[in-house]
Amino acid sequence: MSFLDRLNSWARRSVTLKLAIIGFLILILLIPASMLDSLIYERQNLRDSAQTEVASKWGLQQVVGGPVISVPYSYEVPAADDKTVTRAGYAHFLPDEINIEGALNPEERYRGIFVVVLYNTKLKVSGTFGNFDAAALNIPESALRWEDALFTIGISDMTGIQSAIDLQLGDSTLSLGPGTVTKDVFDSGGSVLAGLDGDSKDVSYSYELDLNGSSALYFRPFGKRTTVNLTGGWGNPSFDGSFLPKEREVTDGGFSANWEVLQLNRNYPQQGTGSFAPKFNSSSINGFRDLANTSGYVDPSTGYGNAGDVFGLRLLLPVDEYKKTYRSTNFAIIFIFITFLTFFFMEVLNKRRVHPIQYLLIGAAIILFYVLLLSISEHLLFDAAYWISCIVIVTLITGYSWFVLRNAKLTGLVAGILLVLYVFFYSLLQLQDYALLFGAVGLLLILAVIMWLTRNIDWYNLERGES
């Protein structure tokens with residue numbers, strides 16, 4: 001027998017070589033498996049772009065802040081060489097009470113195959129300004145021009161305003177105009193000349209907002225005591241931000257929530273000059289998701305940043321197919337490994353040879369499952385997409401296994417193992433708190449079965465080709 005014949009004979013019966021080849025094939029399949037994540041992110045970004053496009057014409061997620069009374073000031077202070085320097089700016093005063101009552105009416109719109117959650121909300125805002133403590137600002141009281149005082153509210157996206165904002169301030173009825181004269185507290189919103197008296201006490205105010213938005217609605221607790229009572233017809237709200245509701249009730253048909261926030265719960269005083277309170281930035285690049293702040297940092301998991309007094313809710317879709325699909329891809333390599341191991345032990349225990357190319361085709365079919373799952377879940381519910389993809393791939397691999405193994409019993413065993421694996425990983429996707437525990441126990445049982453089935457194999461004799 002020639003050297004090449006002996007080498008070929010050794011290669012055909014060597015268990016070690018076969019395991020090395022299988023390991024190498026698994027490493028190759030890591031490449032398309034990793035590309036699955038990129039594909040999911042690409043589709044998710046496409047969805048977000050579609051949502052942003054629709055929302056930008058209706059109203060992005062809204063942040064409602066204020067009101068604030070801003071009083072201009074200017075005074076001179078001594079400088080070197082007997083000169084003086086003029087200091088000027090705005091002194092800002094926050095209210096004692098902010099009471100917000102509102103109803104949120106959501107609706108779903110479609111951009112191609114993607115769903116966009118929009119809403120209209122009607123808010124009634126009322127409260128009082130107490131004593132204006134100008135002495136706490138370290139500014140000469142004579143420097144404050146109370147006759148030029150501004151009443152300002154913050155609204156992150158003015159596109160969503162649906163009607164005029166009429167203000168009842170004390171005995172005066174005013175109408176707010178667009179924009180903020182000073183950007184110290186709000187980047188966008190509405191304001192009006194209030195013309196107050198510095199000796200004013202307990203100035204009441206009230207106004208109504210008819211506001212469109214999308215995805216989320218947030219508030220800023222600018223009062224010594226801020227209360228928000230909100231109801232809405234959405235069964236999947238996510239109460240978000242720095243403060244959870246004091247009371248809440250969620251049903252399939254809607255929700256009701258009540259917040260109460262005190263000035264002690266935030267990190268800035270009731271009055272100040274300049275940008276004494278953290279701001280949100282309505283002109284952020286990612287306006288659909290982003291609530292920015294003075295530092296520009298935004299936590300992607302919550303959508304808001306260092307303006308840490310923001311609170312409110314986000315309207316979640318019942319199913320995020322991309323999130324579930326991404327979670328399912330985490331099991332792709334384990335699935336491939338167990339499937340390859342099944343075919344390997346069929347080779348060892350039943351003397352049925354499987355070529356590396358056949359292993360590679362079976363691995364490609366498993367990867368294709370996740371592509372099918374992603375594409376079908378964009379049109380159907382995730383559960384339906386999962387089982388449709390499962391049936392297609394199990395049928396494909398089972399049919400291919402028949403031609404490879406030429407044995408009905410072994411082919412049925414392949415089909416049974418694949419179905420058990422798909423049911424097992426589907427169960428993991430449904431679990432939240434116990435997913436890790438359930439997965440660890442399941443893998444332990446799989447390992448125990450493999451060890452039991454191979455307990456009597458003499459691997460050294462297999463290497464020498466003995467039966």
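Residues numbered from 1 in each chain as written. Predicted model: local features only at pLDDT ≥ 70, side-chain atom pairs only at ≥ 80, totals over all residues. Heavy atoms only, no water.

As for helix H4 (residues 332–350)
Argument step 1. In a regular helix each residue adds 1.5 Å, so 19 residues correspond to 27 Å; H4 covers 27 Å between its end C-alpha atoms and thus fits that length.
Argument step 2. Among the 19 residues in H4, 14 count as buried, and that is most of the element.
Argument step 3. Trailing H4 by a residue or two, Lys-351 shows a phi angle of about 55°, which is positive. (Helix = DSSP H or I, 4+ residues; strand = E, 2+ residues; numbered from the N terminus. Expected span 1.5 Å × (residues − 1). Buried < 20%, exposed > 50% of the residue type's maximum accessible area, 1.4 Å probe, protein only.)

Remarks on the packing of aromatic side chains
Argument step 1. For the coordinates displayed, the defined rule picks out 34 aromatic pairs.
Argument step 2. Ring geometry for Phe-331 versus Phe-425: centroids 5.1 Å apart, planes at 25°, classification stacked. Of the two residues, Phe-331 sits in the loop between helix H3 (321–329) and H4 while Phe-425 sits in helix H7 (residues 408–430), which places them 94 residues apart along the sequence.
Argument step 3. The rings of Phe-331, Phe-335, Phe-369, Tyr-370, Phe-382, Tyr-386, Trp-387, Tyr-422, Phe-424, Phe-425 and Tyr-426 are connected pair by pair, giving a single aromatic cluster. (Phe/Tyr/Trp six-rings, centres within 6.5 Å; stacked < 30°, edge-to-face > 60°.)

Description of helix H6 (residues 382–405)
For the α-helix, the turn length of 3.6 residues means that residues three or four positions removed from each other point alike.
Argument step 1. The terminal C-alpha atoms of H6, which comprises 24 residues, lie 33 Å apart, in line with the 34 Å expected from a rise of 1.5 Å per residue.
Argument step 2. For H6, the set of buried residues is Phe-382, Ala-385, Tyr-386, Ser-389, Cys-390, Ile-393, Val-394, Ile-397, Thr-398, Ser-401, Val-404 and Leu-405.
Argument step 3. Summarising the contacts, the buried residues of H6 are in contact with H3, H4, helix H5 (356–377) and H7. (Contact = heavy atoms within 4.5 Å.)

Concerning the pattern of salt bridges
Argument step 1. As enumerated under the stated definition, the model contains 11 salt bridges in all.
Argument step 2. Close ionic contact of Arg-43 with Glu-378 constitutes a salt bridge, the shortest N to O distance being 2.8 Å. Here the residue Arg-43 occupies a position in helix H2 (residues 15–58), and Glu-378 occupies one in the loop between H5 and H6, the gap between them amounting to 335 residues.
Argument step 3. What makes Arg-43 partly exposed here is its relative accessible area of 24%.
Argument step 4. The class of Glu-378 is buried, set by a relative accessible area of 13%.
Argument step 5. Connected through shared salt-bridge partners, Glu-97, Arg-225, Lys-246 and Glu-260 make up one network. (Salt bridge = Lys/Arg side-chain N within 4 Å of Asp/Glu carboxyl O.)

Remarks on the confidence of the model for the chain
Argument step 1. Mean pLDDT over the chain works out to 81, with 87% of the residues at or above the 70 mark.
Argument step 2. Looking across the chain, the model is least confident in helix H1 (residues 3–13), with a mean pLDDT of 59, and most confident in strand S12 (residues 225–232), with 94.
Argument step 3. Here residues 282–306 is a poorly scored stretch, pLDDT under 50, and it has 56 contacts once near neighbours within four places are set aside; other chains count. (pLDDT = per-residue confidence, 0-100.)

Brief notes about the side chain of Ser-401
Argument step 1. By the secondary structure assignment, Ser-401 is in helix H6.
Argument step 2. With a relative accessible area of 0%, Ser-401 lands in the buried category.
Argument step 3. Filtering out sequence-adjacent residues up to four positions away, Ser-401 remains in contact with Phe-343, Arg-406, Thr-411 and Val-414.

Things to note about a nonpolar patch on the surface
Argument step 1. A cluster of nonpolar side chains, namely Leu-349, Val-449, Trp-452 and Leu-453, defines an oily patch on the protein surface of about 420 Å² accessible area.
Argument step 2. Take the nonpolar patch: its biggest share by element is 3 residues, from helix H8 (residues 435–453).
Argument step 3. Positionally, Val-449 belongs in helix H8. (Patch = residues over 30% accessible without salt bridge, like charges linked within 9 Å, V, L, I, M, F, W, Y side chains within 5 Å. Areas by Shrake-Rupley, 256 points an atom, 1.4 Å probe, with all protein chains shown as cover.)

What about the packing of H7 against H8?
Argument step 1. With their axes 9 Å apart at the nearest point, H7 and H8 run at an angle of 160° to one another. Classed by the angle they form, the pair H7 and H8 counts as roughly antiparallel. Within the contact between the two elements, H7 uses Leu-421, Phe-424, Ser-427 and Leu-428 and H8 uses Ala-435, Phe-438, Gly-439, Gly-442, Leu-443 and Ile-446.
Argument step 2. Grouping the amino acids of the contact of H7 with H8 by side-chain chemistry returns 7 nonpolar, 3 polar and no charged. (Axes fitted to C-alpha atoms, helices over the stretch in contact; angles between N-to-C directions. Parallel < 35°, antiparallel > 145°, perpendicular 65-115°, else oblique. Nonpolar A, V, L, I, M, F, W, Y, C, P; charged D, E, K, R; others polar.)

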